[in-house]
Amino acid sequence: MAYFVIGAGGIGYHLVEPLVRFLNYNATESEVIIVDGDTVEEGNLGRQHIASSVGRNKAEVLASTINSRILPKKSVRHIPLFLTPTSVNGPEFDSVITTDSVFFVCVDNNATRVFVETICCNLRSSVMISGGNDEFKGQAQLFIRMNGKNLTPLPSEVNPEILEIDQFPDEVGCDQIVASEPQIIFTNNMVASSMLNLWFSQVWLKVNKPEALINEVCTDITKSSAFPFNRKSLVKS
């Protein structure tokens, strides 16, 4: 089973290591693939990566770090590209995305979120866990599709505002994003943990029946809080 981490920045950086550690000792057949076309910049070092990584591709650096630190049974792979309608049809993604794929979407980019929704809906079974945050508050959302049926609403059905498509990451610089949305490492870390906990409890452990699935967690580091929700679709059928 393939586990994609889309984005190796603030959230993705803190999510990958515990995910790989868990899968390495609890899943017989699993592969983690980090996808990101961005490079490490000096301004990232307050929340992610190390100084010697500046100028290198984020996905490559993170995969190399995890492989040397954990020595997983199956090496973490990386794809040094942004996930877009163009790149997904390239050789790097050939035969990689298959049914039962799990996507951890760790980018503050609505175009990417909606595109991953499309990918998931074209698969018979898939899981998408999307996370994002501003300076102090964050959100993790879960989407599950099983045997051709959506068990939870799409994130865009719960939050239709993400359909106001912005540009893909390869169309806008990360410096512009950071300038408009200040980031704090504690918020990134809390959202990454919420994404993993949401996946672990609802998908791995299956603690709730489909009709009672927790599909959203909202966090606030100023209150040390994380609130779970069973959100319904706001889209009229």
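Heads up: these notes are all about the structure in this document. Please read these numbers as outputs of a predicted model, since none were measured by experiment.

1. Quick notes on the overall build of the chain
Move 1: A count of helices and strands for the chain gives six helices and nine strands.
Move 2: Here the C-alpha atoms of the chain give a radius of gyration of 17 Å, agreeing with the 18 Å that 2.2 N^0.38 yields for 237 residues.
Move 3: Viewed in the frame of its principal axes, the chain has a C-alpha envelope of about 50 × 40 × 35 Å.
Move 4: Expressed as a percentage of its 237 residues, the buried residues of the chain come to 50%.
Move 5: Within the chain, counting contacts between residues at least 6 apart in sequence, those at least 24 apart form 65% of the total.
Move 6: Of the accessible surface of the chain, which amounts to about 11400 Å², a share of 53% is contributed by carbon and sulfur atoms.
Move 7: Of the side chains in the chain, 19 bear a positive and 26 a negative charge, and the two mean positions are spaced by 10 Å.

2. Details of the nonpolar core
Move 1: Grouped together as the largest cluster of nonpolar side chains are 36 residues, with contacts concentrated most on Leu15, Leu19, Phe104, Met195 and Trp199.
Move 2: Of all the elements in the fold, those that place two or more residues in this core are strand S1 (2-6), helix H1 (10-26), strand S2 (31-35), helix H2 (58-70), strand S4 (101-105), strand S5 (126-133), strand S6 (137-146) and helix H6 (185-204).
Move 3: Sort the elements by how many residues they give to this core and H6 lands first, with seven residues.
Move 4: With residues near it in sequence (within four places) discarded, Phe104 still touches Tyr3, Phe4, Val5, Ile6, Leu15, Leu19, Ile129, Met195, Leu196 and Trp199.
Move 5: Counting residues in each nonpolar core, the second largest holds 23 residues, with Ile6, Val107, Val116 and Leu123 among its members.

3. Quick notes on helix H3 (residues 110-121)
Move 1: The end-to-end C-alpha distance of H3 is 17 Å, a good match for the 16 Å that twelve residues give at a rise of 1.5 Å each.
Move 2: Buried residues dominate H3, accounting for ten of its twelve residues.
Move 3: What H3 keeps buried is the set Asn110, Ala111, Thr112, Arg113, Val114, Phe115, Val116, Glu117, Ile119 and Cys120.
Move 4: The inward-facing, buried residues of H3 abut S1, S4, S5, S6 and helix H4 (155-158).

4. A closer look at the pattern of salt bridges
Move 1: Per the stated rule, a full pass over the model turns up six salt bridges.
Move 2: Residues Lys58 and Asp38 are paired through a salt bridge, measuring 3.3 Å at the closest nitrogen-oxygen approach. Taken as a pair, Lys58 in helix H2 and Asp38 in the loop between S2 and H2 lie far apart in primary sequence, 20 residues in all.
Move 3: For Asp38, a relative accessible area of 11% puts it in the buried group.
Move 4: One salt bridge in this structure joins Asp108 and Arg113, with 3.3 Å as the shortest N-O distance.
Move 5: The exposure class of Arg113 is buried, given its relative accessible area of 13%.
Move 6: Because the salt bridges share partners, they merge into one network encompassing Glu17, Arg21 and Arg69.

5. Topic: unusual backbone geometry
With glycine set apart, most residues show a phi of negative sign, and most peptide bonds adopt trans.
Move 1: Of note, the phi angle at Leu71 is positive, near 55 degrees, even though the residue is not glycine.
Move 2: Along the chain, Leu71 turns up in the loop between H2 and strand S3 (77-79).
Move 3: Of the residues examined, Leu71 reaches a relative accessible area of 67% and is grouped as exposed.
Move 4: Residue Lys206 is not a glycine yet carries a positive backbone phi of 55 degrees.
Move 5: In this structure, Lys206 sits in the loop between H6 and strand S8 (216-220).
Move 6: Residue classification places Lys206 among the exposed residues on the basis of a relative accessible area of 59%.

6. Focus: the pairing of strand S9 (residues 225-229)
Move 1: Two elements, S8 and S9, share five bridges in a ladder whose sense is antiparallel. Looking at S9, one finds that Glu216 is bridged to Phe229.
Move 2: Where S8 folds back on S9, the antiparallel hairpin that results is connected by four residues, among which Ser224 adopts a positive phi of roughly 50 degrees.

7. Digging into the side chain of Gln48
Move 1: For Gln48, the location among the structural elements is in the loop between S2 and H2.
Move 2: Using a relative accessible area of 2% as the deciding quantity, one classes Gln48 as buried.
Move 3: Among the polar contacts listed, one links the side chain of Gln48 to the side chain of Lys58, at a separation of 3.2 Å.

8. Considering the packing of aromatic side chains
Move 1: Inspection of the entire model under this criterion finds seven aromatic pairs.
Move 2: Ring geometry for Phe22 versus Phe200: centroids 5.5 Å apart, planes at 85 degrees, classification edge-to-face. Of this pair, Phe22 sits in helix H1 while Phe200 sits in helix H6; the two residues are 178 residues apart in sequence, bridging distant segments of the chain.
Move 3: Judged by its relative accessible area of 29%, Phe200 falls in the partly exposed class.
Move 4: Every member of this aromatic cluster is reached through a ring pair, and the members are Tyr3, Phe22, Phe104, Trp199, Phe200 and Trp204.

Cut-offs applied
- Residues numbered from 1 in each chain as written.
- Predicted model: local features only at pLDDT ≥ 70, side-chain atom pairs only at ≥ 80, totals over all residues.
- Heavy atoms only, no water.
- Helix = DSSP H or I, 4+ residues; strand = E, 2+ residues; numbered from the N terminus.
- Rg over C-alpha atoms; globule rule 2.2 N^0.38 Å.
- Buried < 20%, exposed > 50% of the residue type's maximum accessible area, 1.4 Å probe, protein only.
- Contact = heavy atoms within 4.5 Å.
- Areas by Shrake-Rupley, 256 points an atom, 1.4 Å probe, with all protein chains shown as cover.
- Lys, Arg positive; Asp, Glu negative; His and termini not counted.
- Charge placed at Lys NZ, Arg CZ, Asp CG, Glu CD.
- Core = buried A, V, L, I, M, F, W, Y, C linked by side-chain atoms within 4.5 Å.
- Expected span 1.5 Å × (residues − 1).
- Salt bridge = Lys/Arg side-chain N within 4 Å of Asp/Glu carboxyl O.
- Pairing = 2+ DSSP bridges.
- Polar contact = N/O pair within 3.5 Å; in protein donor to acceptor, adjacent residues only side chain to side chain.
- Phe/Tyr/Trp six-rings, centres within 6.5 Å; stacked < 30°, edge-to-face > 60°.

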